[in-house]
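# Understanding the architecture of this molecule
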Amino acid sequence: GAVVSQHPSWVICKSGTSVKIECRSLDFQATTMFWYRQFPKQSLMLMATSNEGSKATYEQGVEKDKFLINHASLTLSTLTVTSAHPEDSSFYICSARFKSTEAFFGQGTRLTVV
Amino acid sequence: QQQVKQSPQSLIVQKGGISIINCAYENTAFDYFPWYQQFPGKGPALLIAIRPDVSEKKEGRFTISFNKSAKQFSLHIMDSQPGDSATYFCAATSGGGSEKLVFGKGTKLTVNP
């Protein structure tokens, strides 16, 4: 299957700082990217959907000013957690899709805010 | 309407046994049903998927059974192996897979040697 790479795999940041997570489609053009959040032993919760060149569409209850999503190119989307707090600690996962084809997932990013 | 209900929450199977995970949905617009396998600390990986025009799909030791009238689908893992120990998520979407995925809550499978 296609390859979606997330970076970093894990990150620790201080409370109040911002952290950026990158999601890259390595061998295909991602017209749509999704960002998920996953708490321990729970399912994936969709945070937002982004189409290349357009503003992201956020799910209900997700603060768009808190979780900034940029999908500036067909191979890169970024999620920036602004003014991070300990409750933002979680496992963040992206997935990418070309048009209506299957979506492929990245390996995830473990964020710990201390 | 948008939910996908998955059971059991956890499952323990002996090596060589059959693992069965069930999912049910309400939204009749769903037309693509994938299963994902997730190992700890990793992202989900597509295992197998089915569309409602067939009642069964088999890939190696993994089989999806689909019952459109009952709005249920299940994953069967034959000859389960310790390496199959992972969390499995069913999902559903519409638009032939072009819309966002709705995930079940997951099933943690443990295969004992």
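Note: the structure precedes this text.
The notes below deal with the structure included here. Each chain has its residues counted from 1, following the order in which its sequence is written. By the order in which they are written, chains take letters starting at A while ligands take numbers starting at 1. For this predicted model, a pLDDT threshold of at least 70 governs which residues receive local features, and a threshold of 80 or more governs which side-chain atom pairs are given and counted, while totals over whole chains, interfaces and linings are taken from all residues. Based on all heavy atoms of the structure, the side-chain values leave hydrogens and waters out of the count.

### Observations concerning the overall build of chain A
For the record, the criterion: In this text, helices come from DSSP runs of H or I with a minimum length of four residues, and strands from runs of E with a minimum of two, each type numbered from the N-terminal end. Only C-alpha atoms enter the radius of gyration; for comparison, a globular chain is expected to reach 2.2 Å times N to the power 0.38, where N is the number of residues. We call two residues in contact when some of their heavy atoms are within 4.5 Å. Where accessible areas are quoted, they stem from the Shrake-Rupley method and a 1.4 Å probe; at the residue level, only the protein chains shown are allowed to cover.
Within chain A one finds zero helices and 11 strands. Helices and strands in chain A line up, N terminus first, as β-β-β-β-β-β-β-β-β-β-β. For 114 residues, the compact-globule estimate of 2.2 N^0.38 gives 13 Å, and the C-alpha radius of gyration of chain A, at 13 Å, lies within 12% of that figure. Projected onto its principal axes, the C-alpha positions of chain A cover 40 × 25 × 20 Å. Taking contacts inside chain A between residues at least 6 apart in sequence as the whole, the part at least 24 apart equals 54%. Put simply, chain A shows about 5600 Å² of open surface, and 53% of that area lies on carbon and sulfur atoms.

### A few points about the sheet that holds strand β1 (residues 4–7) of chain A
All names here are of chain A. Put simply, the rule reads: Should DSSP find at least two bridges between two strands, the strands are taken to pair. Axis lines are fitted to C-alpha atoms, over the contacting stretch for helices. Their N-to-C directions set the angle, which ranges from 0 to 180 degrees.
Overall, antiparallel pairing links the four strands, which are arranged β1-β3-β8-β7 in an open sheet. The open sheet has two edge strands, β1 and β7 (67–73), and neither has a second partner. Adjacent strand axes in the sheet meet at a mean angle of 15° when their direction is disregarded. As paired elements, β7 and strand β8 (residues 76–81) share five bridges and run antiparallel to each other. Within β8, the residue paired with isoleucine 69 across the bridge is leucine 79.

### A look at the sheet that holds strand β8 (residues 72–77) of chain B
All names here are of chain B. Taken together, five strands build an open sheet; the order of strands is β1-β3-β8-β7-β6 and the sheet is antiparallel. One side of each edge strand has no neighbouring strand; the edge strands of this open sheet are β1 (4–7) and β6 (56–59). This sheet shows a mean twist of 15° between the axes of neighbouring strands, independent of strand direction. In the sheet, β6 pairs with strand β7 (residues 62–67) via four bridges, with the strands oriented antiparallel. Each residue of the ladder has a partner; that of lysine 58, found in β7, is threonine 63.

### Things to note about the interface of chain A and chain B
The condition is simple: Buried area is calculated as the accessible area (1.4 Å probe) missing from two parts once they are joined, with the contributions of both summed. Put simply, a salt bridge is a Lys or Arg side-chain nitrogen that is within 4 Å of an Asp or Glu carboxyl oxygen. Think of a polar contact as two N or O atoms within 3.5 Å of one another; within protein, one of them needs to be a possible hydrogen donor and the other a possible acceptor, and neighboring residues in sequence only count if both atoms come from side chains. Throughout, the ten residues Ala, Val, Leu, Ile, Met, Phe, Trp, Tyr, Cys and Pro are labelled nonpolar, Asp, Glu, Lys and Arg are labelled charged, and all others, Gly among them, are labelled polar.
Counting residues at the interface gives 18 residues for chain A and 18 residues for chain B. Carbon and sulfur atoms supply 53% of the area buried between chain A and chain B, which totals about 1300 Å² over both sides. Summed over the three residues of chain A that lose the most area to chain B, namely Ser43(A), Glu102(A) and Phe105(A), the buried surface amounts to 35% of that side. Summed over the shared surface of chain A and chain B, the result is one salt bridge. For the salt bridge of Glu59(A) with Lys100(B), the shortest nitrogen-to-oxygen distance reads 2.8 Å. At the surface where chain A touches chain B, the tally comes to six residue pairs in polar contact (both at pLDDT 80 or more). Of all the secondary structure elements, the ones that give two or more residues to the side of chain A that touches chain B are β4 (32–38), β5 (44–51) and β9 (90–97) of chain A. Of the residues assigned to the side of chain A that touches chain B, the class counts are eight nonpolar, seven polar and three charged.

### Considering the side chain of Gln37(B)
All names here are of chain B. Definition in use: Accessible area is worked out with a 1.4 Å probe on protein chains only. A residue is then buried under 20% of its type maximum, exposed over 50%, and partly exposed in between.
Position of glutamine 37 among the secondary structure elements: in strand β4 (residues 33–38). On the accessibility criterion, glutamine 37 (13% relative accessible area) is buried. Side chain to side chain, glutamine 37 and tyrosine 88 meet in a polar contact 2.9 Å long. Once residues within four sequence positions are removed from consideration, glutamine 37 is found in contact with Gly43, Pro44, Ala45, Leu47, Asp84, Ala86, Thr87 and Tyr88.

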